[in-house]
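These are the residues of each chain, in order.
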Amino acid sequence: MANIKFTLNNKVVEVDLDPSMRLIDALRLHFKLTATKEGCGEGSCGACVVLMDGKGINSCLMPLANVNGHSIITLEEFKKTKQFKVLEECFADEGGSQCGFCTPGMIFAAQSLLASNAHPSEEEVREALSGNLCRCTGYQSIVNAILRAAKEGEGLW
Amino acid sequence: MVKYIPASKEDALNFLASHDAYIVAGGTDMMVLKRNAAGLLPKFDKDVLYISNLNELNKIYEDKEYIHIGATATLDEIYNHPLTPKLLKEAVGEVASINIRHFATLPGNIANASPAGDTIVIDYLLDAIVKLESKNGVRLVKAENFVLGVRKVDRRSDELITEIMFPRFSYDGDMWYKVGSRKADSISKVSVAGLYSITDGKISKFALAFGSTAVTVRRSHELEKEIEGLTQKELLDRCEEFVEKYSKIISPIDDQRSNKEYRLMVAKNITRKFIKQVGEGK
């Protein structure tokens, strides 16, 4: 079996796992990093989104083979950043998180957007979130939270 | 079962020479097709070759005749690249979601040969060529000849798609229409792409391709020839005739996403809209 070597939460890891294993299973079952949630398991809901090389990807569709040589960031690491603190406060203030199941994916969809577009319009925020489902909020409060984070976190992205 | 991560294109071609394998690029379609219960490995029934980390296949470049899009370029990279044909950019921008576009690929879409593959419609319309490489050499196949049926393509087991090549040509106007039930992550109920040119008051180029309305994307070179040479007024006068003729080249079905009556009506409406667009030169 091939060795898979990648950077996980800023540490180089080397594992002897099956290359066809889904990244989400490696994260949750092997590395015990359970911040990443599985919703639909087929790329429709975005609950499992993590960062790969800084961009949001669905970890339920990502085979470990393709992670080889790349950098993965999960919420366990991202929550230590200044960017997260701003997003966290804005999500809380705007009521952008209710049951919380979609929130890790929403945070990374937001981070992925803000990293490439620090001053998004409302439409750009909606576009960036369009692959992430939320059954509680109706989205408006999440959109508001991200627009507010872009303002309050000015200079961070 | 062998699951192989090649170090280079050459390594991948050597592997394929002796293994009948699934080829996984982004994996966004394959991981759903081979999906298993959470925590269990995907259900592959033969060897798998993972090519997404082959950077040598990641290039998007041009020469005199073609825009070349490498097999491992992601849809997001394609979307943001200045060389990407306009219609391809529009269609790619509506495939799945931003997160999925960060790792899905163009050859993956055509190789899976779903009747609903959005970029396949553009491949047909723009006369794209699938570049296949094996240890025995290179084979170029027109996209519309490459897709043989639902999930059936003209790829020998020793071949790897290394590029999709788009002939360079200009035209006057175009249209891309995707009908889905959600803004993102929706698999098309109907998708239609068209382009045209007018020269000396006559239609000199007319092309229309339909997705999700038959087992493969549909395009009629016969109807295009019939329309080319007409004036815009002649086309407008015969609009309903051509809408009817175009409705005969598709054969939509009922499935979980839509039904045949709806698909047929929408396809006809979009055809009419495009004919009017061409007729009015918009």
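This is a predicted model, so every value here is computed, not measured.

Participant: Would you explain the overall build of chain B in this entry?
Facilitator: On a plain count of helices and strands, chain B comes out with 12 helices and 14 strands. Its C-alpha atoms give chain B a radius of gyration of 19 Å, within 12% of the compact-globule value 19 Å for 282 residues. When its C-alpha atoms are laid out on the principal axes, chain B stretches across 60 × 45 × 30 Å. The buried share among the 282 residues of chain B stands at 55%. Once local pairs closer than 6 in sequence are excluded, the contacts in chain B between residues at least 24 apart make up 62%.

Participant: Please explain the interface of chain A and chain B as it appears in this structure.
Facilitator: Interface size is commonly expressed as the accessible surface area that is lost when the partners come together. Taken together, the contact between chain A and chain B spans 34 residues of the former and 32 residues of the latter. Looking at the side of chain A facing chain B, the largest losses of area belong to Ser20, Leu61 and Asn66 of chain A, adding up to 21% of the total buried there. At the boundary of chain A and chain B, one finds four salt bridges. Ionic pairing is found between lysine 3 of chain B and aspartate 18 of chain A, a salt bridge with its closest N-O pair at 3.1 Å.

Participant: Can you walk me through the domain arrangement of chain A in this structure?
Facilitator: Residues and elements named next belong to chain A. Per the domain assignment, the segments of chain A are domain 1 (4-77) and domain 2 (81-152). The C-alpha centroid of domain 2 is placed 21 Å from the C-alpha centroid of domain 1. In this assembly, 18 residues from domain 1 lie in contact with 12 residues from domain 2. Approximately 1100 Å² of surface area, both sides summed, lies buried where domain 1 meets domain 2, with 68% of it carried by carbon and sulfur atoms. Here domain 1 is connected to domain 2 by zero salt bridges. Here domain 1 and domain 2 share four residue pairs in polar contact (both at pLDDT 80 or more) between them. Put simply, the parts of the chain that give the side of domain 1 that touches domain 2 at least two residues each are β3 (49-52), β4 (55-58) and α3 (75-78). Tallying contributions element by element places β3 first for the side of domain 1 that touches domain 2, with three residues. Residues that form the side of domain 1 that touches domain 2 fall into these classes: eight nonpolar, six polar and four charged.

Participant: How should I be thinking about helix α4 (residues 82-94) of chain A in this particular structure?
Facilitator: Residues spaced three or four apart along an α-helix point in a common direction, a consequence of the helix completing one turn every 3.6 residues. Residues and elements named next belong to chain A. Here α4 contains 13 residues, and its C-alpha end-to-end distance of 18 Å stays within 8% of the 18 Å for a straight helix at 1.5 Å per residue. Within the sequence span of α4, burial applies to Gln83, Phe84, Val86, Leu87, Cys90 and Phe91. Take α4 and look down its axis: the buried residues cluster within an arc of 160°, on one side only. Exposed side of α4, more than 90 degrees from the buried face: Lys82, Ala92 and Asp93 are the residues found there. In this fold, the buried residues of α4 make contact with α3, α5 (103-116) and α7 (140-152).

Participant: Whenever I open this one, the sheet that holds strand β7 (residues 137-142) of chain B confuses me. Can you help?
Facilitator: The strands making up a sheet are joined through hydrogen bonds of the backbone, oriented either antiparallel or parallel. Residue and element names in this part refer to chain B. What the five strands build is an open sheet, ordered β4-β5-β10-β6-β7; its pairing is antiparallel. The open sheet terminates on both sides in strands that have one partner only, identified here as β4 (60-62) and β7. On average, each strand axis in the sheet is tilted by 25° relative to the strand beside it, whichever way the strands run. Relative to strand β10 (residues 160-167), strand β5 (residues 66-70) runs antiparallel, the two sharing five bridges. Bridged to glycine 70 within β10 is glutamate 163. Strand contacts of helix α1 (residues 9-18): β6 (129-134) and β10, with the helix running at about 120° to β10, the strand carrying the most contacts.

Participant: Where do I start with the environment of threonine 162 of chain B in this structure?
Facilitator: Residue and element names in this part refer to chain B. One can find threonine 162 in strand β10. The exposure class assigned to threonine 162 is buried, which follows from its relative accessible area of 2%. Setting aside its immediate chain neighbours within four residues, threonine 162 contacts Lys9, Leu57, Ile69, Gly70, Ala71, Lys131 and Glu133. A polar contact is formed between the side chain of threonine 162 and the side chain of glutamate 133, at a distance of 2.8 Å.

Participant: Would you mind going over the packing of aromatic side chains with me for this structure?
Facilitator: Any aromatic ring pair is given by two values, namely how distant the centres are and how the planes are angled relative to each other. In total, this model carries 10 aromatic pairs over all chains according to the counting rule given. Centre to centre, the rings of phenylalanine 6 of chain A and phenylalanine 31 of chain A are 6.2 Å apart; their planes meet at 90°, and the pair counts as edge-to-face. On the criterion of sequence distance, the pair formed by phenylalanine 6 of chain A in strand β1 (residues 4-8) and phenylalanine 31 of chain A in the loop between α1 (23-30) and β3 is long-range, its members being 25 residues apart. A ring pair is formed by tyrosine 4 of chain B and phenylalanine 15 of chain B, whose centres lie 4.8 Å apart and whose planes are at 5°; its orientation type is stacked. Taken together, the positions of tyrosine 4 of chain B in strand β1 (residues 3-4) and phenylalanine 15 of chain B in helix α1 put the pair 11 residues apart, joining distant regions of the chain. For tyrosine 4 of chain B, a relative accessible area of 27% translates into the label partly exposed. The class of phenylalanine 15 of chain B is buried, set by a relative accessible area of 6%. Within the aromatic cluster, the residues linked to one another by ring pairs are Tyr196, Phe206, Phe210, Tyr246 and Phe274 of chain B. Just above the ring of tyrosine 262 of chain B sits the side chain of lysine 189 of chain B; from NZ or CZ to the centre is 5.8 Å.

Participant: Hey, could you run me through the pattern of salt bridges in this one?
Facilitator: Close approach of charged atoms allows side chains of opposite charge to pair. Evaluated as defined, the whole model comprises 37 salt bridges over all chains. Between lysine 80 of chain A and glutamate 77 of chain A there is a salt bridge, with its nearest N and O atoms 3.0 Å apart. We classify lysine 80 of chain A as exposed; its relative accessible area is 59%. Residue lysine 46 of chain B pairs with aspartate 20 of chain B through a salt bridge whose shortest N-O separation is 3.4 Å. Residue lysine 46 of chain B is found in the loop between α2 (30-33) and β3 (47-50), and its partner aspartate 20 of chain B is found in the loop between α1 and β2 (21-24); the two are separated by 26 residues along the sequence. Judged by relative accessible area, aspartate 20 of chain B falls into the partly exposed class, the value being 43%. Residues joined by salt bridges that share partners form a network here, namely Asp127, Lys142, Glu144, Arg219 and Glu224 of chain B.

The rules behind these values
Residues numbered from 1 in each chain as written. Chains lettered and ligands numbered in written order. Predicted model: local features only at pLDDT ≥ 70, side-chain atom pairs only at ≥ 80, totals over all residues. Heavy atoms only, no water. Helix = DSSP H or I, 4+ residues; strand = E, 2+ residues; numbered from the N terminus. Rg over C-alpha atoms; globule rule 2.2 N^0.38 Å. Buried < 20%, exposed > 50% of the residue type's maximum accessible area, 1.4 Å probe, protein only. Contact = heavy atoms within 4.5 Å. Buried area = accessible area lost by both parts, 1.4 Å probe. Salt bridge = Lys/Arg side-chain N within 4 Å of Asp/Glu carboxyl O. Domains from an automatic or database assignment. Polar contact = N/O pair within 3.5 Å; in protein donor to acceptor, adjacent residues only side chain to side chain. Nonpolar A, V, L, I, M, F, W, Y, C, P; charged D, E, K, R; others polar. Expected span 1.5 Å × (residues − 1). Arc of directions from axis to C-beta. Pairing = 2+ DSSP bridges. Axes fitted to C-alpha atoms, helices over the stretch in contact; angles between N-to-C directions. Phe/Tyr/Trp six-rings, centres within 6.5 Å; stacked < 30°, edge-to-face > 60°. Lys NZ or Arg CZ within 6 Å of the ring centre and 35° of its normal.

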